Amino acid sequence: MSKIAIVGATGRAGSQLLEEALRRGHSVVAIARDPAPLQGREGVTVKALDAKDSAALQAAVAGVDAVLSAAHFSTLAPQAIIEPVKRAGVKRLLVVGGAGSLLLPSGHRVIDSPDFPEAYKAEASAGVKFLEALRQEPTLDWTFLSPSAEFVEGERSGRYTLGKDHLLIGADGKSWITFADYAIAMLDELEKPAHSRARFTVGY
């Protein structure tokens, strides 16, 4: 079993990553500005810090096998995560991505579609920049997992479909994944790497 750090461990995606990691017997360093709800959890080491504090983040992730970042892109520049991870000597970085950079059947990016919600554009644009920064990274073993268009609360069904760079759309026309099933896909990738230095996507 691995020792992993989760940045943004109390968020909607991060909390499901934490639950899935613990379910599988991994030990977790939970990083959040206010991780108080996680105090006392078996297998969890709590680190209260702002991920913008580069030195604190580096110290928090030192010694782990992998870092999973579930931080919001619009609040952190890519290097705010990438550089502390590298300086700490951690080889693997797995990132909770966005759907904006995925491709539609037309070949255009989701973020460039006319009906893309304006309210999500800042976060989606920052996610695109994060992926571009990873693709320029010469040494880090990174993975960027994009969810489907709708990333929602819901049950852990244990089923999912994987894709590469195109948005997954079901037979019913929906493109969605729950946080819980997304977490399964991410932990599967952690345990059996199949997308080293690559982006992939998950949906139903």
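Residues numbered from 1 in each chain as written. Predicted model: local features only at pLDDT ≥ 70, side-chain atom pairs only at ≥ 80, totals over all residues. Heavy atoms only, no water.

Glancing now at the UniProt feature "domain: NAD(P)-binding" (unreviewed entry) in the protein. Following the UniProt record, the feature "domain: NAD(P)-binding" (unreviewed entry) maps to residues 8-188 here. The span residues 8-188 carries 30% helix and 19% strand; its end-to-end C-alpha distance comes to 19 Å. (UniProt positions renumbered as here; feature names shortened; annotations may be inferred. Helix = DSSP H or I, 4+ residues; strand = E, 2+ residues; numbered from the N terminus.)

Here we take up the pattern of salt bridges. Scanning the entire structure with this criterion turns up 13 salt bridges. Measuring nitrogen to oxygen at the nearest pair gives 2.8 Å for the salt bridge that ties Asp165 to Arg199. Placement of the pair is Asp165 in the loop between strand E8 (161-163) and strand E9 (176-178) and Arg199 in strand E10 (residues 198-203), with a sequence separation of 34 residues. By relative accessible area, Asp165 is classed as partly exposed at 22%. Through salt bridges with shared partners, one network takes in Glu20, Arg23, Arg24, Arg156, Asp188 and Glu191. (Salt bridge = Lys/Arg side-chain N within 4 Å of Asp/Glu carboxyl O. Buried < 20%, exposed > 50% of the residue type's maximum accessible area, 1.4 Å probe, protein only.)

On to the packing of helix H3 (residues 78-87) against helix H4 (residues 121-135), then. In contact at an axis separation of 9 Å, H3 and H4 are set at 35° when each is read in the N-to-C sense. Counted together, Pro78, Gln79, Ile81 and Ile82 of H3 and Lys129, Phe130, Ala133 and Leu134 of H4 form the full contact between these two elements. Residues that form the contact of H3 with H4 fall into these classes: six nonpolar, one polar and one charged. (Axes fitted to C-alpha atoms, helices over the stretch in contact; angles between N-to-C directions. Contact = heavy atoms within 4.5 Å. Nonpolar A, V, L, I, M, F, W, Y, C, P; charged D, E, K, R; others polar.)

A separate point is the layout of surface pockets. If you add up the space inside the largest pocket, you get close to 1200 Å³. As for the largest pocket, its lining consists of 43 residues, of which Arg12, His72, Gly97, Glu123 and Phe151 are closest to the centre. Mapped by element, the contributors of at least two residues to the lining of the largest pocket are helix H1 (12-23), strand E2 (27-32), H4 and strand E7 (150-152). Its residues assigned to classes, the lining of the largest pocket shows 24 nonpolar, twelve polar and seven charged. (1 Å grid on protein atoms, 1.4 Å probe; cavity = no way out; pocket = protein on both sides within 12 Å on 5 of 7 lines; lining within 4 Å. Points joined across faces, edges and corners; volume = space filled by probe spheres on them.)

If you walk through the whole model with that rule in mind, you get five aromatic pairs. Consider the rings of Phe73 and Phe130, whose centres lie 5.2 Å apart with planes at 55°: the pair is tilted. In this pair, Phe73 is assigned in the loop between strand E4 (66-69) and H3 and Phe130 in helix H4, connecting sequence segments 57 residues apart. We classify Phe130 as buried; its relative accessible area is 2%. (Phe/Tyr/Trp six-rings, centres within 6.5 Å; stacked < 30°, edge-to-face > 60°.)

Tracing the chain through its elements places Glu189 in helix H5 (residues 179-191). Note: C-alpha distance between Glu189 and Leu94 (95 residues apart in sequence) is 8.8 Å. Glu189 has contacts with Arg92, Leu94, Thr143, Ala194, His195, Ser196 and Phe200, leaving out every residue within four places of it along the chain.

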